[in-house]
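# Structural features, examined
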Amino acid sequence: MLTRRTLIATTSASLLTLPARAAGLAPTPTMRGGANNYRPGAPIVDRIGGGGFLMTGTVRRAGDGVPLENIRIQIWAHTTEGHERDQRSHGATLTRADGTFQMDMPQIVPAFGQAHCHLAHDDDGPFQTVFLRPVMSRSSDTTLHADFVLQPV
Amino acid sequence: MIRTILIWGALVLACALPIVLAAQSPLLAWRQPIYIAAGFAGIIAMALLLAQPLLAAGHLPGLYPRTARRIHALVGLTLLLLIAAHVGGLWITSPPDVVDALLFRSPTPFSIWGVIAMWAVMVTALLARFHRRVPHWPIAHRGLALIIVAGSISHALLIEGTMEPISKFALCALAGLATLNAVLNRPGR
């Protein structure tokens, strides 16, 4: 599915991953509240629940902006199928060779005042842990995008 | 008599309509009962913030001033209980989000306004209990009322998914106007 949003996101991501353009790329800081209702160790899944909502993103290395493959990203949200705290609302995925990831998950609905998603880079690998909490610009949206720039440990 | 019925009818309608419309929300299907109850405690408290300044200013017909003041105090006490239910219910639903809000480190701007209004209600209730010994109580009470209502309006308007937007805006506007009227138009009491 290629919407205007994903086109812009993918194009800008691929532009930014050119090493010459990305020198000195700053790491993404953990967002306030990003780790709320985190449950460590969610399994890697093809989709969370019945799917229908597409969470997309990219993962790159701080400094040179190189796309990172096989990076674990855990995702959870309040959806039409469960609360953030429910185990069934959590799932993880790995980035592809181009540093992108995506997760098919149930539709995110507003909870605690905002329609938002939680994402974590949370393994004990060579990069520092980061928690994100992107907010949907409209709660009727069926996609959301989040970019990670990871700092080596 | 007709005027009395009309004014009371309008007040009940203005308070009840936002609650009824919020109860129609499709989002309720994806929320747990405690989360729903916490939300409605907040909505009812918001509706009471319209009644409070009208009671204080003596704008509601058919009530002796003493009765109006007594109801105003009872509604104030009810606000305390509703806030406890609101915060308690949200805490059960998602403890870390409520802890963040109470510590003023939440990512959501509306929670800051809600917590400020909550503390202002608690201070008001405490001072009201001993108001005869509180210097400049009428002025202090007006100042606190402004903080409570302005804080609650900011809190409610920035939240998505609990109230129906148009009735929420109307209730906030009415509560704000009624509070300004009560605070500004009754000097000396």
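Since we're looking at a predicted model, the values are computed, not measured.

### Section: the pattern of salt bridges
Residues and elements named next belong to chain A.
- Across all of its chains, the model carries 6 salt bridges over all chains by this definition.
- Here Asp104 ties to Arg47 by a salt bridge, and the two come within 3.2 Å at their closest N and O atoms. Of the two residues, Asp104 is situated in strand β4 (residues 100-105) and Arg47 in the loop between α1 (4-16) and β1 (53-61); the sequence distance between them amounts to 57 residues.

### Topic: the sheet that holds β1(A)
All names here are of chain A.
- Across the sheet, 3 strands lie side by side as β4-β1-β7; this open sheet has mixed pairing. The open sheet has two free edges, formed respectively by β4 and β7 (143-150), since each of these has just one partner strand. This sheet shows a mean twist of 20 degrees between the axes of neighbouring strands, independent of strand direction.
- Sheet analysis places β1 next to β7, joined by 8 bridges and oriented parallel.

### Considerations on the sheet that holds strand β3 (residues 90-94) of chain A
Residue and element names in this part refer to chain A.
- Reading across the sheet, the 4 strands line up as β3-β2-β5-β6 and stay open at both edges, with antiparallel pairing between neighbours. Since the sheet does not close on itself, it has two edges, and those belong to β3 and β6 (130-132), each with one partner. Put simply, the sheet's adjacent strands are angled 20 degrees from each other on average, direction ignored.
- Here strand β2 (residues 72-77) runs beside strand β5 (residues 117-121); their pairing, made up of 4 bridges, is antiparallel. Across the sheet, residue Gln74 finds its bridge partner in β5, namely Ala120.

### What about the environment of B:Ile92?
- Turning to its location among the elements, B:Ile92 is positioned in helix α3 (residues 65-93).
- With 54 residues separating them in the primary sequence, B:Ile92 and B:Ala38 have C-alpha atoms 9.5 Å apart.
- Excluding its chain neighbours within four sequence positions, the residues that come into contact with B:Ile92 are A:Arg85 and B:Ile34.

### Here we look at the environment of A:His118
All names here are of chain A.
- You can see His118 is positioned in strand β5.
- On the basis of relative accessibility, which here comes to 0%, the residue His118 falls in the buried class.
- Separated by 13 residues in the primary sequence, His118 and Phe131 place their C-alpha atoms 7.2 Å from one another.
- In this structure His118 touches Gly33, Gly34, Asn36, Gln74, Ile75, Trp76, Glu84, Leu132 and Arg133, once residues within four positions along its chain are discounted.

### Section: the interface of chain A and chain B
- Tallying the contact residues gives 18 residues for chain A and 25 residues for chain B.
- Summed over the shared surface of chain A and chain B, the number is 0 salt bridges.
- Across the chain A-chain B interface, the total number found is 12 residue pairs in polar contact (both at pLDDT 80 or more).
- Taken together, the residues that form the side of chain A that touches chain B break down as 4 nonpolar, 10 polar and 4 charged.

### Thoughts on the packing of aromatic side chains
Residue and element names in this part refer to chain A.
- What the rule picks out here adds up to 4 aromatic pairs over all chains.
- Centre to centre, the rings of Tyr38 and Trp76 are 5.5 Å apart; their planes meet at 40 degrees, and the pair counts as tilted. One end of the pair, Tyr38, is in the loop between α1 and β1; the other, Trp76, is in strand β2, with 38 residues separating them in the sequence.
- Given the relative accessible area of 23%, Tyr38 is considered partly exposed.
- With a centroid separation of 5.0 Å and 75 degrees between ring planes, the pair formed by Tyr38 and Phe131 is classed as edge-to-face. With a gap of 93 residues between them, Tyr38 in the loop between α1 and β1 and Phe131 in strand β6 connect regions that are remote in the sequence.
- Ring-pair connections join several aromatic residues into one group, and the members of that group are Tyr38, Trp76 and Phe131.

### Notes on the confidence of the model for chain B
- For chain B, the average pLDDT comes to 95, and 98% of its residues sit at 70 or higher.
- When pLDDT is averaged over each helix and strand of chain B, the minimum, 96, is found for helix α1 (residues 2-22) of chain B and the maximum, 98, for helix α2 (residues 33-56) of chain B.

### Overview of the nonpolar core
- In this structure, B:Leu11, B:Met46, B:Leu49, B:Leu50, B:Leu54 and B:Leu171 are the most contacted members of the largest nonpolar core, which totals 35 residues.
- If you list the elements that add at least two residues to this core, you get α1, α2, α3, α5 (109-129), α6 (137-158) and α7 (165-184) of chain B.
- If one sorts the elements of this core by residue count, α2(B) sits on top with 11 residues.
- Counting residues in each nonpolar core, the second largest holds 24 residues, with A:Phe53, A:Ile71, A:Ile108 and A:Leu119 among its members.

### Things to note about unusual backbone geometry
- Notably, A:Phe112 is not glycine yet its phi reads approximately 50 degrees, a positive angle.
- Here A:Phe112 shows up in the loop between β4 and β5.
- With a phi close to 60 degrees, B:Phe104 is a non-glycine residue in the positive phi region.
- Looking at where B:Phe104 falls in the secondary structure, it is placed in the loop between α4 (95-102) and α5.

What counts as what
- Residues numbered from 1 in each chain as written.
- Chains lettered and ligands numbered in written order.
- Predicted model: local features only at pLDDT ≥ 70, side-chain atom pairs only at ≥ 80, totals over all residues.
- Heavy atoms only, no water.
- Salt bridge = Lys/Arg side-chain N within 4 Å of Asp/Glu carboxyl O.
- Helix = DSSP H or I, 4+ residues; strand = E, 2+ residues; numbered from the N terminus.
- Pairing = 2+ DSSP bridges.
- Axes fitted to C-alpha atoms, helices over the stretch in contact; angles between N-to-C directions.
- Contact = heavy atoms within 4.5 Å.
- Buried < 20%, exposed > 50% of the residue type's maximum accessible area, 1.4 Å probe, protein only.
- Polar contact = N/O pair within 3.5 Å; in protein donor to acceptor, adjacent residues only side chain to side chain.
- Nonpolar A, V, L, I, M, F, W, Y, C, P; charged D, E, K, R; others polar.
- Phe/Tyr/Trp six-rings, centres within 6.5 Å; stacked < 30°, edge-to-face > 60°.
- pLDDT = per-residue confidence, 0-100.
- Core = buried A, V, L, I, M, F, W, Y, C linked by side-chain atoms within 4.5 Å.

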